[in-house]
Amino acid sequence: DAGITQSPRYKITETGRQVTLMCHQTWSHSYMFWYRQDLGHGLRLIYYSAAADITDKGEVSDGYVVSRSKTENFPLTLESATRSQTSVYFCASSGQTSGANVLTFGAGSRLTVL
Amino acid sequence: GDSVTQMEGPVTLSEEAFLTINCTYTATGYPSLFWYVQYPGEGLQLLLKATKADDKGSNKGFEATYRKETTSFHLEKGSVQVSDSAVYFCARGDTGRRALTFGSGTRLQVQP
C-alpha cells in the first residue's frame, strides 16, 4: 500500500519491557519523524531523521531509541517501557516535493504501559 | 524556546455558525505556519499553510492569514458543518530541521 503505515496500531505492554513501533513509507521521503501525542501537550517531537543513518533527538527523546538503516523505515524502540510512555505515537515523513515543513502523518500507534 | 499557543477547547458551535480558533507563535525569524486537522481515530492531515507574512492559506472553506505584526495565524470558517468536528492543531516550522512545533490542539464540536 502506498503511503505511510505504522504498526502495531494498538499495543499493551508492561513496565520494563522493550517495545518497538514500526514506521514504513513508500515515497522515498528523506525526512522522517516520531511524535507523541498527549492530552494538553499536543504533539511533541521525539526523534527525527534527515536521511538514512542520520538521526537526531527532539524535545522528549529520553527513554527512546531510533534507527534508520533504510530510507523507508524508521522504527522507534522503548528500551524499558515506563507508564509515562503511555501515549499515542505518530510517525511522519517529508520529502523535497512536499514543501518545507510539510509533514504527512501515519494513523498512529496507541501504546499502553501497565 | 519557540512555541505555539492556541485557544483551549472544546469549542462547541451550531451548524452554520462562524468559527475562529486563535493561534499565536513565538519564533526567531519568520517561520512557515500551518493548520493540521485530526479526525477521530486518524492521523493529522494538513489543512492549510502560509509561508510568509500576509500570506493567506485556504482550504475547504477554512482560512488563516499570516500576521507578522501580531505573530498570529488564526483559523476561520464562515459556516461550519457537523463534518468539521475534529481536533485542530496550529504549528510552525522549525528552521534547520524541517520539523514542526505544534500547539496543544483545539477540539471543535459542531452540533446539528
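About the cut-offs
Residues numbered from 1 in each chain as written. Chains lettered and ligands numbered in written order. Predicted model: local features only at pLDDT ≥ 70, side-chain atom pairs only at ≥ 80, totals over all residues. Heavy atoms only, no water. Contact = heavy atoms within 4.5 Å. Buried area = accessible area lost by both parts, 1.4 Å probe. Polar contact = N/O pair within 3.5 Å; in protein donor to acceptor, adjacent residues only side chain to side chain. Pairing = 2+ DSSP bridges. Helix = DSSP H or I, 4+ residues; strand = E, 2+ residues; numbered from the N terminus. Axes fitted to C-alpha atoms, helices over the stretch in contact; angles between N-to-C directions.

A. Looking closely at the interface of chain A and chain B. Across the boundary between the two partners, chain A contributes 27 residues, which contact 20 residues of chain B. For the chain A and chain B pair, buried surface summed over both sides reaches about 1,700 Å², with 52% attributable to carbon and sulfur atoms. Area buried by chain A at its contact with chain B is led by A:Leu43, A:Asn101 and A:Phe105, which between them contribute 32% of it. Applying the counting rule to chain A against chain B returns 5 residue pairs in polar contact (both at pLDDT 80 or more).

B. Summary view of the sheet that holds strand E7 (residues 64–66) of chain A. Residues and elements named next belong to chain A. Pairing within the open sheet is antiparallel, and its 4 strands lie in the order E1-E3-E8-E7. Looking at which strands have only one partner, the edges of the open sheet turn out to be strand E1 (4–7) and E7. Across the sheet, the mean angle separating the axes of adjacent strands is 15° when strand polarity is ignored. Across 4 bridges, E1 lies against strand E3 (residues 19–25) in antiparallel orientation.

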